[in-house]
Amino acid sequence: MLFNSKLFLLSILQLGPVFTKQPGSVVFPLQHGENRKEVVFSCEAQGHPPPFYRWKLNDSFIHPRPGSRYSLVGGNLHISRLNKDEDVGIYQCLGSNSFGTIVSREASLHVAYLEDFKTHRRNPVRVREGQGVVLLCGPPSHSGELTFKWIFNEYPSFVTQDTRRFVSQKTGNLYIAKVDPSDVGNYTCVVTNTVTKSSVQGPPTPLVLRVDGVMGEYEPKIEVQFPEVVPVAKSSTVKLECFALGNPVPTISWRREGGASFGRKVDVNKASGVLEIPYFQMEDAGVYECVAENSRGRNLVKGKLSFYAAPQLTEKPQDVQKTIDDTLVWECKANGKPKPSYRWLKNGEPLDHMEDRLQVNNGVLNITSLNLADIGMYQCVAENRHGRVFTNAELRVVAIAPDFSQNLLKAQTLARQGGDVLIECKPRMSPRGIISWRKGKEALRENHRVTVLDNGSLRISNVTRLDDGLYTCVARNQFGVASSAGSLLVKEPTAITSPAGHLDVTVGESIVLPCQVSHDPTLELKFTWFFNEQLIHFGNLWAFFEKVGGRSSGDIMIRNIQPKHAGKYTCAVQTKVDSVSIATDVVVRGPPGPPGDCRVTAVTENTASVSWAPGADNYSPILSYAIQARTPFFLGWQAVNTVPKLLGGKQLSATVIDLNPWVEYEFRVLATNSIGTGEPSRPSKKARTRETPPRVTPARVNGGGGGHSELVITWEPVPEELQSGSGFGYVVAFRPLGAQGWMQAAVTSPEASRYVFKNESIPPFSPYQVKVGVYNNRGEGPFSPVTTIHSAEEEPSRAPGRLRARSVSASEVEVTWKPLAWSNRRILGYELQYWSERQKPDTASVIRTVGNKTSVLIRDLEGRCTYYVSLRAYNSAGVGPQSNTVNVTTKKPRNQAPGKIMWNTSNSKVILRWDQVHALENESEVTGYKVETGRNVEDEETTNSTSLELSLPVNQDYVIQIKPFSEGGEGRSSRQITIPKIAGGLWRQGL
């Protein structure tokens, strides 16, 4: 075991290198004549022992020496005094320790620079007016992306690009499709390096017009083209340039071959002749065409954009530890276009494919019969012509003596009598050795029941009580021997004693599903129930189910059973040594399930043909069907009439009758059996009955009122469900009473409820006969019955006469007048206004009479107060002129007190008498008297006579006070009279 522990310690302490930082590509700006720049490539790896580093440039090792331009700081490579001729290329870092070597990803170094133009002068370019011209830029030596502009004559006057002028960002050339005299001048190309941000100007190019005439019209000639095949990287932005010379100036348009559309992201800049496609994806690949055309002709060029993507790893090998003679399988997968190829490195060098043990197939590395020489760092390289990616993994191969410390035999293994048992033996050892077994102290011999498997485990079939005992597994190889032991305990088998069954129940019943078992008493039982192979979770979501069994019983009860509970129920019983199960089929008879596929197959104006498929009968034959309908015009579902009237259980279609034309209907079907009516089907798709001419006329046709010279006709609109078709409207017919012909008008709004005919010749309040008909796009319908109405009337033109006002009492005034005679203006009643002398006329109170009344009694007035009254007639058109104003003064309230008050007492009663109070000429008549007993206000007694009998308590003095009242209010009170306690009955005079 000492040898084994050392190997295990080594596997913990020693680790192969793993990169934590890898070099990245660099584009370094270098100004003209500059060479003192320094570049640093980063490289860092972890491992134990710590890795050391080497670098390659273009697959050749770099050897840093003292004084050279290359130096290593940790794993980082420093390059001083950058040289664009010697240092440009592909760099890779190699990290190594005693476990192996790994190679980093590739990092490129590019130096961006821009030199000066070498020529200082250019010859003039001579063209004729109307001719196209190309001015060459000829950028100087450079590295890095460039942008181009042109100066016209002098800075900062730059050439503006439009449909006539174009600056190519590929070549830098300036293209003028058709030269105008305004184009004459000097042109200077300005080149800018986007990395170094430096710019240089070329020598000016003079553009001169020739004097030998104007160039005639000619068809487009495409001068700026794109290649026939343009490879485009995934997610990059591609720009295609296209420009043509011609007279007239050509227009540029773009299209995809085959008519495919451009996506929203595509920017077509017609003014500059550039097609830009950002975030390029596979669907953007294809043939693109540029079309240049003018009145003289057209020309086109085309090119193919091909999609490519550098490899991206999708599956990587992982570090692994194997034993001697084991097999290694590592899989490496990557996406890319074109499809990547694969190669494998070991410790930074290509694998030897000549070994028979080693196979590489499409990224899969397979090494059989592993040995210690296979230890190392492996890398998969996935590559296509657009790039390569690296991934690495470490392989360890170990040699150890047998060891059970991680996988001891189970201390106890339980087995069912008559069953099979497997005792696993999984020692850790390398290489694989020999495994043997003992029972007790004797070697175990194999027979028809006892077998040692290839992996070392022991299998015993048809277990008996004699197989109880202690078993030992012994493992050995050339490095040592080890063993592990465990006991086998044999138990009685578990059996379900309840018979499998079939239950037939009705909806709403409660049933018990039995599950009784016999078992080894030393083993715990676990009962599990399944419904149609789905586990039953007892609780809120399965509230219908309840456990009712004991220790050896797993019975369950289903309460209030429903059709959804029909199916197969399985009771599974499990112990530590075996498991058994039993199934019971439950049939639930209930109302039918919803019919299926309810649909409308045909419609007419008043009928719809409906068909359906039968639903589940829930084990009770379907006896009948019923159809219900729904429209937007009434709530809920309604029963409908059908042909045939009664729909039997075999009927799967029917005709619904008595429907309204041009109404959208939904239908559903319900099935009934001997147990009840089931759930309805899903509604059919909406179906509209056909149109017909309308049949229903408007109700409550009436009219009258309105303004001057108007005839107002009103009606109740026909509901939409009774309009029978689209384009519904009304035909209003009217004529003077006694006339022969009808005048008609169409009202196109189906919601309309009135029509106003205005004509200056209409006399006020003239009788007219009216009727209202209906129509729609299918034709005209009937008219309503004829009714008589009157045209608008005019307000009364005269004021009422003989207005009189008379005071009746202190609070009432009677007003009378002479009524107006009817001529051609109706009088509906009179409007009376009155106000007191302390009020203004505009705050007057109003009383309206109805009909031909000629008097009004005004109540609740103030006593001894002057009031003003005026009157005017009214009708539906308004009110007439005001009458003359009259005034009246209400009577004075009663001011005298009652006199000669006498009383007589007898036991608990007192009888009062007094003289009647007579009103003076300007006072209101006395209408009664109030007798106060001196107790509370609510104890006051009222009488219209001059005597009163009161019930009084015994042995108490009383205070009596009497005052008259009239419509003008209350008069003065009498003096208080005290009635003392009296034993007998006597008349007394108080005042």
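Residues numbered from 1 in each chain as written. Predicted model: local features only at pLDDT ≥ 70, side-chain atom pairs only at ≥ 80, totals over all residues. Heavy atoms only, no water.

Asks: It is not clear to me how the overall build of the protein chain should be interpreted in this structure. Could you clarify?
Replies: Each helix and strand in the protein chain was counted, giving one helix and 92 strands. Taking 2.2 N^0.38 as the reference for a compact globule, 991 residues should give roughly 30 Å; the C-alpha atoms of the protein chain span a radius of gyration of 58 Å, well beyond that estimate. With respect to the principal axes defined by its C-alpha atoms, the protein chain has extents near 150 × 125 × 75 Å. Taken as two groups, the 112 positive and 97 negative side-chain charges of the protein chain have centres that lie 1 Å from each other. (Helix = DSSP H or I, 4+ residues; strand = E, 2+ residues; numbered from the N terminus. Rg over C-alpha atoms; globule rule 2.2 N^0.38 Å. Lys, Arg positive; Asp, Glu negative; His and termini not counted. Charge placed at Lys NZ, Arg CZ, Asp CG, Glu CD.)

Asks: For this particular structure, what's the right way to read the environment of Glu932?
Replies: On the secondary structure map, Glu932 appears in strand β86 (residues 926-932). C-alpha separation for the pair Glu932 and Ile960, spaced 28 residues apart in sequence, amounts to 5.8 Å. Each residue touching Glu932, except ones within four places of it in the same chain, is listed here: Glu940, Val959, Ile960, Gln961 and Lys963. (Contact = heavy atoms within 4.5 Å.)

Asks: What's the story with the sheet that holds strand β58 (residues 579-589) in this structure? I'm lost.
Replies: Note on sheets: strands pair through backbone hydrogen bonds, and any given pair is parallel or antiparallel. Strand order in the open sheet formed by five strands is β50-β58-β57-β53-β54, and the pairing between neighbours is mixed. The sheet is open, and its two borders are formed by β50 (501-506) and β54 (534-535), each paired with just one other strand. (Pairing = 2+ DSSP bridges.)

Asks: Looking at this structure, how should I read the side chain of Glu831?
Replies: With respect to the secondary-structure elements, Glu831 resides in strand β78 (residues 829-836). For Glu831, a relative accessible area of 9% gives the class buried. Among the polar contacts listed, one links the side chain of Glu831 to the side chain of Arg848, at a separation of 3.1 Å. If we skip the residues at most four places from it in the chain, Glu831 touches Val846, Ile847, Arg848, Ser870, Leu871, Arg872, Tyr874 and Val879. (Buried < 20%, exposed > 50% of the residue type's maximum accessible area, 1.4 Å probe, protein only. Polar contact = N/O pair within 3.5 Å; in protein donor to acceptor, adjacent residues only side chain to side chain.)

Asks: Would you explain the packing of aromatic side chains in this entry?
Replies: When we look at a pair of aromatic rings, we describe it by the centre distance and by the angle of the planes. The full count for this structure, using the stated rule, is 21 aromatic pairs. Ring geometry for Phe531 versus Tyr569: centroids 4.7 Å apart, planes at 25°, classification stacked. Residue Phe531 is located in strand β53 (residues 526-531), and its partner Tyr569 is located in strand β57 (residues 567-574); the two are separated by 38 residues in the primary sequence. With relative accessibility at 11%, the residue Phe531 sits in the buried group. Aromatic pair Phe728 and Tyr730: ring centres 5.2 Å apart, planes at 85°, arrangement edge-to-face. Classification of Tyr730 as buried rests on a relative accessible area of 0%. Ring pairing ties together the aromatic residues Phe41, Trp55 and Tyr91, which thus form one cluster. Here the basic side chain of Arg69 rests over the ring of Tyr70, its NZ or CZ set 5.5 Å away from the ring centre. Taking NZ or CZ as reference, Arg848 lies 3.7 Å from the ring centre of Tyr874, over its face. (Phe/Tyr/Trp six-rings, centres within 6.5 Å; stacked < 30°, edge-to-face > 60°. Lys NZ or Arg CZ within 6 Å of the ring centre and 35° of its normal.)

Asks: How should I be thinking about the sheet that holds strand β56 (residues 556-558) in this particular structure?
Replies: Pairing in this open sheet of three strands is antiparallel, and the strands run β51-β56-β55 from one edge to the other. Bordering the open sheet on either side are β51 (511-513) and β55 (545-547), each of which pairs with just one other strand. Recorded for the sheet is a direction-independent mean angle of 30° between the axes of neighbouring strands. For β51 and β56, the ladder comprises three bridges, and the chain directions are antiparallel. Residue Leu513 lies in a different strand from β56, and its bridge partner there is Ile556. (Axes fitted to C-alpha atoms, helices over the stretch in contact; angles between N-to-C directions.)

Asks: Quick question: what am I supposed to make of the nonpolar core here?
Replies: Among soluble globular proteins, nonpolar side chains are generally buried collectively. With 23 residues, the main nonpolar core has Phe41, Trp55, Leu77, Ile79 and Tyr91 as its most contacted residues. Elements represented by at least two residues in this core include exactly β3 (39-41), β5 (52-57), β8 (76-79), β9 (89-97) and β11 (107-114). Top element by residues in this core is β11. It accounts for four residues. Apart from residues lying up to four places away in sequence, Ile79 is in contact with Lys37, Glu38, Val39, Phe41, Arg69, Tyr70, Asp87, Tyr91 and Leu109. In terms of nonpolar packing, the next biggest core, distinct from the first, is built from 22 residues, Val517, Ile536, Ile561 and Ala566 among them. (Core = buried A, V, L, I, M, F, W, Y, C linked by side-chain atoms within 4.5 Å.)

Asks: Quick question: what am I supposed to make of the pattern of salt bridges here?
Replies: One pass over the structure, following the stated rule, counts 37 salt bridges. Of the charged contacts, one joins Asp212 and Arg210 as a salt bridge, the two residues approaching to 2.5 Å between their closest N and O atoms. By relative accessible area, Arg210 is classed as partly exposed at 38%. Here the residues in one salt-bridge network are Glu106, Arg343, Glu383 and Arg388, joined through shared partners. (Salt bridge = Lys/Arg side-chain N within 4 Å of Asp/Glu carboxyl O.)

Asks: Quick question: what am I supposed to make of the state of the cysteines here?
Replies: In a disulfide, the sulfur atoms of two cysteines are covalently bonded to one another. All chains considered together, the criterion is met by six disulfides. What pairs with Cys43 in a disulfide is Cys93, and their sulfur atoms sit 2.0 Å apart. On the S-S bond that ties Cys43 to Cys93, the torsion sits near -75°, and the link is left-handed. Residue Cys43 is found in the loop between β3 and β4 (44-48), and its partner Cys93 is found in strand β9; the two are separated by 50 residues along the sequence. Each member of the pair Cys43 and Cys93 is classed as buried. The disulfide partner of Cys242 is Cys290, and the S-S distance across this bridge is 1.8 Å. (Disulfide = S-S within 2.5 Å.)

Asks: Sorry if this is basic, but what is going on with the UniProt feature "domain: Fibronectin type-III" (unreviewed entry) in the protein chain here?
Replies: The feature "domain: Fibronectin type-III" (unreviewed entry), as annotated in UniProt, sits at residues 594-692, 697-794, 799-893 and 894-985 in this numbering. Counting secondary structure, residues 594-692 comes out at 0% helix and 47% strand; the distance between its end C-alpha atoms is 35 Å. Along residues 697-794 the backbone is 0% helical and 50% strand, and the end-to-end C-alpha distance reaches 32 Å. (UniProt positions renumbered as here; feature names shortened; annotations may be inferred.)

Asks: Would you take a moment to explain the pairing of strand β37 (residues 376-384) for this structure?
Replies: In terms of burial, β37 is a largely internal element, nine of the nine residues being buried. Relative to β37, strand β33 (residues 341-346) is paired through six bridges, and the arrangement is antiparallel. Each residue of the ladder has a partner; that of Ser341, found in β37, is Glu383. Relative to strand β38 (residues 387-398), β37 runs antiparallel, the two sharing nine bridges. Across the sheet, residue Met377 finds its bridge partner in β38, namely Glu394. In this structure, the hairpin formed by β37 and β38 is closed by a connection of two residues.

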